[in-house]
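The chain contents come next:
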Amino acid sequence: MTIGPNSVVSIHYKVATSEGEDVDASEPGHPLTYLHGHGQIIAGLEAALNGRAQGEHVHATLAPAQAYGEHDPELDMRVSKKLFPAHVRNELQPGFRFGAEHPKQAGVQVRYTVQEVEDDTVLVSGNHPLAGKTLVFQVDVAEVRAATEEELAHGHVHGPGGHHHH
Ligand code: ZN
């Protein structure tokens, strides 16, 4: 069968940026298994796999808009530590995450990550680390099957590569 809405798909994959920097890969012998058409993998890759069959090799080059979005320079900011509640100020370190409004777009919530801590300020970024990158996927479709009714009711895959909560 071919990949379509509600297929359970197992893939071996490798992804790099268009500059040749390795980003991620499935572990040898352990394909990624997901429920197709439910936004469980990035939209551009899901679109590239649509209609493909077991055994096919798929090469997909995804522009930033189809992957993790464009880099938004307004989301890289230096902010005063005073903006954080007192009990949080001492916990500020690279990797600390928090939600706040977009600096220019009222009502748009953004997840920020602290990049650097300075004396009175911190550098924060609301950009995904892969924002602005073109991604090149090499995918081997290992298996395609129809989802069971139970999997559709739960919205995720059961069995090898999926959830094991039953
Ligand atoms: Zn379940």
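On a predicted model such as this, the values are computed, not experimentally measured, just so you know. (Residues numbered from 1 in each chain as written. Predicted model: local features only at pLDDT ≥ 70, side-chain atom pairs only at ≥ 80, totals over all residues. Heavy atoms only, no water.)

(A) Just the overall build of the protein chain, in detail. Counting its regular elements, the protein chain contains 3 helices and 9 strands. The C-alpha atoms of the protein chain give 20 Å as radius of gyration, which overshoots the globular expectation for 166 residues (15 Å, by more than 25%). Each principal axis of the C-alpha distribution contributes one length, and for the protein chain these read about 60 × 40 × 30 Å. Looking at the protein chain as a whole, 34% of its 166 residues are labelled buried. In the protein chain, of all internal contacts separated by at least 6 residues, the share reaching a separation of at least 24 is 62%. By element, 50% of the accessible surface of the protein chain is carried by carbon and sulfur atoms, the whole surface being about 9800 Å². Charged side chains in the protein chain number 11 positive and 22 negative. The centres of these two groups are separated by 8 Å. (Helix = DSSP H or I, 4+ residues; strand = E, 2+ residues; numbered from the N terminus. Rg over C-alpha atoms; globule rule 2.2 N^0.38 Å. Buried < 20%, exposed > 50% of the residue type's maximum accessible area, 1.4 Å probe, protein only. Contact = heavy atoms within 4.5 Å. Areas by Shrake-Rupley, 256 points an atom, 1.4 Å probe, with all protein chains shown as cover. Lys, Arg positive; Asp, Glu negative; His and termini not counted. Charge placed at Lys NZ, Arg CZ, Asp CG, Glu CD.)

(B) Just unusual backbone geometry, in detail. Despite not being glycine, Asn6 has its phi angle at roughly 70°, a positive value. Here Asn6 falls in the partly exposed class, since its relative accessible area comes to 31%.

(C) Molecular detail of the sheet that holds strand 6 (residues 97–101). Strand order in this open sheet of 4 strands is 5-8-7-6, and the pairing throughout is antiparallel. Edge positions in the sheet fall to strand 5 (76–80) and strand 6, since each of these pairs with one other strand and no more. Pairs of neighbouring strands in the sheet enclose a mean axial angle of 45°, with direction left out of account. As paired strands, strand 5 and strand 8 (residues 121–125) are joined by 5 bridges and run antiparallel to one another. Opposite Val79, over in strand 8, you have Val122 as the bridge partner. (Pairing = 2+ DSSP bridges. Axes fitted to C-alpha atoms, helices over the stretch in contact; angles between N-to-C directions.)

(D) Seen up close, the nonpolar core. Ranked by internal contacts, the top residues of the largest apolar core, which has 20 residues, are Leu45, Leu49, Phe137 and Val139. When residues of this core are traced back to their parent elements, those giving at least two are strand 1 (7–17), helix 1 (43–49), strand 4 (57–62) and strand 9 (135–146). Element by element, the count of residues in this core is highest for strand 9, at 5 residues. For Leu49, the contacting residues outside a window of four places in its chain are Ile3, Ile11, Tyr34, His36, Ile41, Val58, Val139 and Val141. (Core = buried A, V, L, I, M, F, W, Y, C linked by side-chain atoms within 4.5 Å.)

(E) Summary view of the domain arrangement of the protein chain. Under the domain assignment used here, the protein chain contains domain 1 (7–68 + 131–154) and domain 2 (73–125). Measuring from the centre of the C-alpha atoms in domain 1 to the corresponding centre in domain 2 gives 32 Å. (Domains from an automatic or database assignment.)

(F) Expanded view of the packing of aromatic side chains. This model, assessed by the stated rule, comprises 3 aromatic pairs. Between the aromatic rings of Phe96 and Phe98, the centroid separation amounts to 6.4 Å while the plane-to-plane angle is 35°, which identifies the pairing as tilted. The two residues Phe96 and Phe98 agree in class, both being buried. Geometrically, the ring pair formed by Phe98 and Tyr112 is stacked, given 5.5 Å between the ring centres and 15° between the ring planes. Of this pair, Phe98 sits in strand 6 while Tyr112 is found in strand 7 (residues 109–117), placing the two residues 14 residues apart along the sequence. Residues Phe98 and Tyr112 agree in their burial class; the two are buried. Three or more aromatic residues joined by ring pairs form one cluster here, namely Phe84, Phe96, Phe98 and Tyr112. (Phe/Tyr/Trp six-rings, centres within 6.5 Å; stacked < 30°, edge-to-face > 60°.)

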